[in-house]
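Structural features, examined
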Amino acid sequence: MKPNKGKTLTRERDYVYKFSAGNEHLVLTVPLKFPVQENISHLHGRLMVLHNLPCFIENDLKQSLSKFVEEETIKDYDREAEVALEAVKSGKVDINQLADTWAKAYKETTLEHAKPEETSWDEDFADVYHDLIHSPASEMLLNLEHNYFVSISELISERDVELKKLRERQGAEMDKVMQELGKSLTDQDVNSLAAQHFESQQDLENKWTNELKQTTAIQKQEYQEWVIKLHQDLKNPNNSSVSDEIKVQPSQLRESVEGNGRIYEEQRLLEESFTIHLGAQLKTMHNLRLLRADMLDFCKHKRNHRSGVKLHRLQTAMSLYSTSLCGLVLLVDNRISSYSGIKRDFATVCQECTDFHFPGIQEQLEIVQKVVLKARAQRSSKTKRHYENKISGSEDKLKNIERNQSNILPGEFYITRHSNLSEIHVAFHLCVDDNVRSVNVTARDPAIMGLRNILKVCCTHDITTISIPLLLVHEMSEEMTIPWCLKRAELVFKCVKGRKVGLQGFWGANPEQGHELIKGLEQLCWEEKLRELGLLSLDKRRFWGDLSVAFQSP
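Please read all numbers here as calculations on a predicted model, not as lab measurements. (Residues numbered from 1 in each chain as written. Predicted model: local features only at pLDDT ≥ 70, side-chain atom pairs only at ≥ 80, totals over all residues. Heavy atoms only, no water.)

Formed by 35 residues in total, the largest nonpolar core has its most connected members in Val329, Phe428, Ile466, Ile468, Leu470, Leu471 and Leu472. Secondary-structure elements contributing two or more residues to this core are β4 (284-292), β5 (325-332), β7 (426-431), α11 (446-460), β8 (463-469) and α12 (482-502). Considering each element in turn, this core owes the most residues, eight residues, to α12. Residues contacting Leu472, with those up to four places away along its chain left out, are Leu331, Val436, Ala447, Ile448, Arg488 and Val492. Among the nonpolar cores identified, the runner-up in size contains 24 residues, and Val349, Ile408, Leu421 and Ile424 belong to it. (Core = buried A, V, L, I, M, F, W, Y, C linked by side-chain atoms within 4.5 Å. Buried < 20%, exposed > 50% of the residue type's maximum accessible area, 1.4 Å probe, protein only. Helix = DSSP H or I, 4+ residues; strand = E, 2+ residues; numbered from the N terminus. Contact = heavy atoms within 4.5 Å.)

Given below as structure tokens:
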């Protein structure tokens, strides 16, 4: 036992042990000094030898001795604690000095017994990358990342062309078989051919999936090794083996033509910017930008490497390990592992460029799925114990609890990290259901509550720019009339305003940026877009008034 540091009052107590040996009743009395510094096993062994005690009381003596020492030690500690509390209450001891002494003792003990922390490879690489991206070598980094992106894009284009040719050939074969159906061929022949076509498509897709996975792994390893070597070379000014400047590799594909042959024309964004001030005494300034765009436009890289595109990549790279991160809100269903709707499109965009800093989108979703299953198991066990105590209606509720443990609930969200997207570092996947399309969505709706929690996470994790779907939908439908859009926009504006005012102490005086996006009007001309949104070019003051009312309303 390690001796206590500092002053300790020593007390002596008699340990009494009674036992019987045949017809005789014996009593062993041993004086012990507390606190006992000797190991209990050693003390017990000495007592057995010195007093020539019989072996049949060995185990019972050890248990009795251990119990006595433990109880008396606790009593001493309790008495010392009472004396210390009385000293603090009476003012004899400075409580601040006492707290500092405790903190120092805890720190010394922790450092003495804790393992020394070693920086991981990811942390070292992050520090090196942050130094290089803020140095003259940043252009070489961006050029290399762009060249890797072009290589992956060309592989994906080759895959799409090969899959398209296979589907066309299979379609022609199926048409011929359908013409012979009922003449020389039967339904079994059609089913057999369909099974062969499906197996061929699966084999081809698996082949390209493995090739893309292998290529991205090689790119990531080469990139990280090259970054470390470049950093070492730049630290030594006398080293003449500094890597040559990397030139931009031109894409073998026509930059103005997409894979389907359509001419790609970058549409001009329809947007309006505002600066608002929130708070009564401590006012904070926030930049609000309302624009019509596809949410994935903030994630996609352009194959061309013009100056504007290059500046976007540079800004995103420089803020990757900073306190000015950019976030994006995606509205998804309750299935984490499924790829449908905007989740499929988002995963496709993520796979077009290698992520050199974080795990891939598939690996991150697998980790999220495991965390959800663990959390659901803990929550369901508590809820199950709660309903087991109730008799009426408990069976149906228990069935609902045990169903769909891997799914998340509306209003819950999970987060993925990315370094390979155009303007986004963090993606919030907010779960919503069909009720979000209803007119009767209130401030207590799960989607609005989830949005509030997302804003809180942004506040506490240095995410200073967040892009939010203004209408909480990614696709417009016929029932979404102009009154519906205005009511929904006002609800989201009030949610953002209320959360920012509530977290004003966290935000401080730094300006905060937010993007509210509207999708679904891409096919309309400019006049129709403005008319659909109620933003007539000669009546912009009316919208400014509506916006002011939205932020001034309680």
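There is more to say after this.
Taken together, the side chains of Asp122, Glu123, Asp124, Asp127 and Asp131 present a region of like negative charge at the surface. For Asp131, the location among the structural elements is in helix α4 (residues 121-133). For Asp131, a relative accessible area of 45% gives the class partly exposed. (Patch = residues over 30% accessible without salt bridge, like charges linked within 9 Å, V, L, I, M, F, W, Y side chains within 5 Å. Areas by Shrake-Rupley, 256 points an atom, 1.4 Å probe, with all protein chains shown as cover. Salt bridge = Lys/Arg side-chain N within 4 Å of Asp/Glu carboxyl O. Lys, Arg positive; Asp, Glu negative; His and termini not counted. Charge placed at Lys NZ, Arg CZ, Asp CG, Glu CD.)

Here we come to the packing of α4 against helix α5 (residues 138-180). Two quantities define a packed helix pair, namely the angle between the helix axes and the distance between the axes. Where α4 meets α5, the axes come as close as 7 Å, and the angle between the chain directions of the two elements is 110°. One element, α4, and the other, α5, form an angle in the roughly perpendicular class. From α4, Tyr129, Leu132 and Ile133 reach across to α5, where they touch Ser138, Leu141, Leu142 and Glu145. Looking at side-chain class alone, the contact of α4 with α5 contains five nonpolar, one polar and one charged residues. (Axes fitted to C-alpha atoms, helices over the stretch in contact; angles between N-to-C directions. Parallel < 35°, antiparallel > 145°, perpendicular 65-115°, else oblique. Nonpolar A, V, L, I, M, F, W, Y, C, P; charged D, E, K, R; others polar.)

Residue position: Asn407 is located in the loop between α10 (394-402) and β6 (413-417). On the basis of relative accessibility, which here comes to 14%, the residue Asn407 falls in the buried class. Residues Asn407 and Val372 lie 35 residues apart in sequence; the distance between their C-alpha atoms is 7.7 Å. Once you skip the residues sitting within four places of it in the chain, Asn407 turns out to touch Asn334, Arg335, Val372 and Arg376.

In a regular helix each residue adds 1.5 Å, so 19 residues correspond to 27 Å; helix α3 (residues 95-113) covers 27 Å between its end C-alpha atoms and thus fits that length. Burial analysis of α3 places just zero of its 19 residues in the buried class, a small minority of the element. Capping the start of α3, Asp94 holds a side-chain oxygen 3.3 Å from the backbone nitrogen of Asn96, two or three residues further along. (Expected span 1.5 Å × (residues − 1). Polar contact = N/O pair within 3.5 Å; in protein donor to acceptor, adjacent residues only side chain to side chain.)

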